[in-house]
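Residue strings, one per chain:
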Amino acid sequence: MTNYLKMAYRNLGRHRRRSILSGLALAVGTALLMFIAAFFEGEMRSSMETTLRLDSGHIQIRDADYDPDKLSVAWEYLIENPDQAAAQIEALDQVQTATPRLIASGIVSIRDESAGVQIMGIVPGSEANDPYRNGLVAGSFLAADDREGILIGYPLAESLALNVGDQINLLVNTSDGDVDEQQFTVRGIFTTGTTAYDKGIVFLPLAKAQSFSGAENRASMIFILLKDREMADEVAAAIQGGGYQVKTWSELNELLVLINDFSNAYIFILNLIVLGVTATVIVNTLLMSVFERTREIGILTAIGMKGRQIITLFLTEASLLAFGGIAFGSLLGWALSAYFGSVGVYFGDLGISGGMLLQDRIYPYLTLNATINLIVTAFIITVLASIYPARLASRMEPVEALHGAN
Amino acid sequence: MEVAKINNVTRVYKIGAVETRALNGVSLTINTGEFTSLVGPSGSGKTTLLQLIGCLDQPTSGSVVINGKETTNLTRNQRADLRKGTIGFVFQFFALIPTLTAYENVEMPLLLNGKTPAERKQRVMELLEGVDLTDRAHHRPDQLSGGQQQRVAVARALATNPTMILADEPTANLDTVNGEQVMEIMKRLNEKTGTTFVFATHDPRVIKYATRVVTLQDGLIVKDSKEH
């Protein structure tokens, strides 16, 4: 094998520029695919984490008739005495936190400007609200007994030119189907890094939201975060019953889970397409090499080299090219992923699609699995594609090969 | 002892609808230790006959027996196997692998024959010494003169101790001095080792060394002289 390697290496060195360009084509393809895989992984992780952390949690308990699309606070859709149920659930070992939330629809207005919003009543002390507490850019977080304070997102504050301490009017659809309006003071402005989410939501302390909307001692859901989201089915099974619907994160985010499940297949198909194209460059290089070396093949055959040995020689050349190209490409792809993984790629407000939330800045994340898959696929495709020129070389009749050279 | 026996061989090439009969019923026996020249004008069939003896090609009809073995129906790989152990080649062009050094070119048939590194090294140095090229062992073909390259080719042809060496116009691209030198080496090896040599040539410098001259014309043997 050492001799094949030595010959292959020297043969590639005959047309150094051509070999380098061919290897470079594979390297660029590999680097881009690696970056795309890292970007896609980063996007999926961001989407999953953001959606679960801000929107769905790991488990939600709702009234059996609750419809999340209506945002109705009519009593028949709400859970009564949610604090007690939340406390019982929070006592479970697998549960990190469980907190009641009331969600109503409303309109924020100031002067002659207004914006439709989701009003969320939260228990301010719950660690489920850390993303908002930690994302404060101005002012302070809500206190449980605050009756006039409101927390708003940075994009909303910006679009309505609001600052901490400003007064706003908030209109809410109440439990009995009416609307109520009240003035609130902006206590704090937060950002979660997801503009689409931040511009459409305001927070009130749960007690205030309940009294304001007429829900009284009721909540839309109990929002549960687990220590490990993989335990969701187990915990959901343990708390089923009582006329409630218990939804796990995978049920709440079907589209996201589907996309996540298909992401590997998607990346694999993309790999096949791009590597198929780069493999043609390698095949072209080897074909040129076969035609240029017709006489040499004839000589080797004449001194007793068999067809499979000639195939091995050309496949070794292809493997060396593939190895060089893939190694350089992987290094480049890793460097790109590492750099953008640290600074992120800014996309701005991507909106909310199918319940998926995305951060404004996506951080590519390269997994070992994706790297190995790509490297192995690239190598296999290149070597497989090289079988054609190698077989072509091996099938040359010695006389014709020798004659073709004269 | 018969090294090669050609029985009533024809070889017809087809190029499109045109048929060319390169050999037209040739029979020839080559015996051990002979130093034979196949001579004749261009197109007489000498190179074709040499290629058939070397199992590089197969006859359209007739049979080719090498070392007592019928070769006509052998597969490509079986012919390759037969060549690598039995037949050495020297071609008109300096048929060396350009990426390999003189040493490595001579080593190649030994590698294909599965010799150990130690065996290979000893044999290669012995052969390069035989063609007076030990000081050029690690030069590549483009660093050698035409004569030196052809001497390396001779050394390579001898590497596996073949029973027969076939040379197609071995001096055609060499000047007088180098041509003489290559022929001297081959003659010496023939006398020393008993290896059979068959040349296809029309070079008088080669013919004068031959102990047997077979003349071809229009695909037929018209003269076979052992008393050259």
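Residues numbered from 1 in each chain as written. Chains lettered and ligands numbered in written order. Predicted model: local features only at pLDDT ≥ 70, side-chain atom pairs only at ≥ 80, totals over all residues. Heavy atoms only, no water.

*Asks:* Looking at this model, I keep getting lost on the pairing of strand β9 (residues 201–205) of chain A. Mind explaining?
*Replies:* It is a general feature of regular strands that their side chains alternate between the two faces of the sheet. Residue and element names in this part refer to chain A. Counting buried residues along β9, five of its five residues qualify, which places the element largely inside the surrounding structure. Alternating residues of β9 divide into Ile201, Phe203 and Pro205 and Val202 and Leu204, and every residue in both groups is buried. Bridge analysis of strand β4 (residues 113–122) against β9 gives five bridges, and the strand direction is parallel. Paired with Met120 across the two strands is Phe203, which belongs to β9. Pairing geometry for strand β6 (residues 149–153) and β9, over two bridges, is antiparallel. Directly across from Leu151, in β9, lies its bridge partner Phe203. (Buried < 20%, exposed > 50% of the residue type's maximum accessible area, 1.4 Å probe, protein only. Helix = DSSP H or I, 4+ residues; strand = E, 2+ residues; numbered from the N terminus. Pairing = 2+ DSSP bridges.)

*Asks:* Teacher, can you tell me more about the packing of helix α2 (residues 16–56) of chain A against helix α10 (residues 254–292) of chain A here?
*Replies:* In a pair of packed helices, the angle between the axes and the distance between the axes together describe the arrangement. All names here are of chain A. Between α2 and α10, whose axes approach to 10 Å, the crossing angle comes to 180°. Our classification of the angle between α2 and α10 gives roughly antiparallel. Of the residues contributing to the contact of α2 with α10, the split by class is 18 nonpolar, 11 polar and two charged. (Axes fitted to C-alpha atoms, helices over the stretch in contact; angles between N-to-C directions. Parallel < 35°, antiparallel > 145°, perpendicular 65-115°, else oblique. Nonpolar A, V, L, I, M, F, W, Y, C, P; charged D, E, K, R; others polar.)

*Asks:* So what exactly am I meant to see when it comes to the pattern of salt bridges here?
*Replies:* Any two side chains of opposite charge can pair, given that their charged atoms come close. Taken as a whole, this structure holds 20 salt bridges over all chains when the rule is applied. As a salt-bridge pair, A:Lys306 and B:Asp81 come within 2.9 Å of each other at their nearest N and O atoms. Note that A:Lys306 is positioned in the loop between α11 (294–302) and α12 (307–343) and B:Asp81 in helix α2 (residues 76–86), a pairing that runs across two chains. Classification of A:Lys306 as buried rests on a relative accessible area of 14%. (Salt bridge = Lys/Arg side-chain N within 4 Å of Asp/Glu carboxyl O.)

*Asks:* Mind showing me how you'd approach unusual backbone geometry here?
*Replies:* When glycine is set aside, most residues are seen to have a negative phi, and most peptide bonds are trans. Residues and elements named next belong to chain B. Look at Asp132: it is not a glycine, yet its phi comes out positive at around 60°. Structurally, the position occupied by Asp132 is in the loop between α4 (117–130) and α5 (146–158). The exposure class of Asp132 is exposed, given its relative accessible area of 54%. In this structure, Glu169 takes a positive phi of about 50° despite not being glycine. On the secondary structure map, Glu169 appears in the loop between β7 (164–168) and α6 (176–193). Owing to a relative accessible area of 10%, Glu169 belongs among the buried residues under this scheme.

*Asks:* Which parts of the structure should I look at to understand empty space enclosed by the protein?
*Replies:* Empty space among the atoms can be located by rolling a probe the size of a water molecule over them. Within the structure shown, the criterion is met by six cavities of 30 Å³ or more. Quantified by volume, the largest cavity comes out at close to 80 Å³. Put simply, the parts of the chain that give the lining of the largest cavity at least two residues each are α1 (2–14), α2 and α10 of chain A. Here the element with the most residues in the lining of the largest cavity is α10(A); it accounts for four residues. When its residues are assigned to classes, the lining of the largest cavity shows two nonpolar, five polar and five charged. Volume-wise, the second largest cavity comes out at about 60 Å³. Contributing to the lining of the second largest cavity are A:Ile303, B:Arg83, B:Lys84, B:Ile87, B:Gly88, B:Phe89, B:Pro109, B:Arg156, B:Ala157 and B:Thr160. For the lining of the second largest cavity, the secondary structure elements donating two or more residues are α2, β6 (87–90) and α5 of chain B. (1 Å grid on protein atoms, 1.4 Å probe; cavity = no way out; pocket = protein on both sides within 12 Å on 5 of 7 lines; lining within 4 Å. Points joined across faces, edges and corners; volume = space filled by probe spheres on them.)

Bear in mind that shape data such as this cannot, by itself, settle questions of function.
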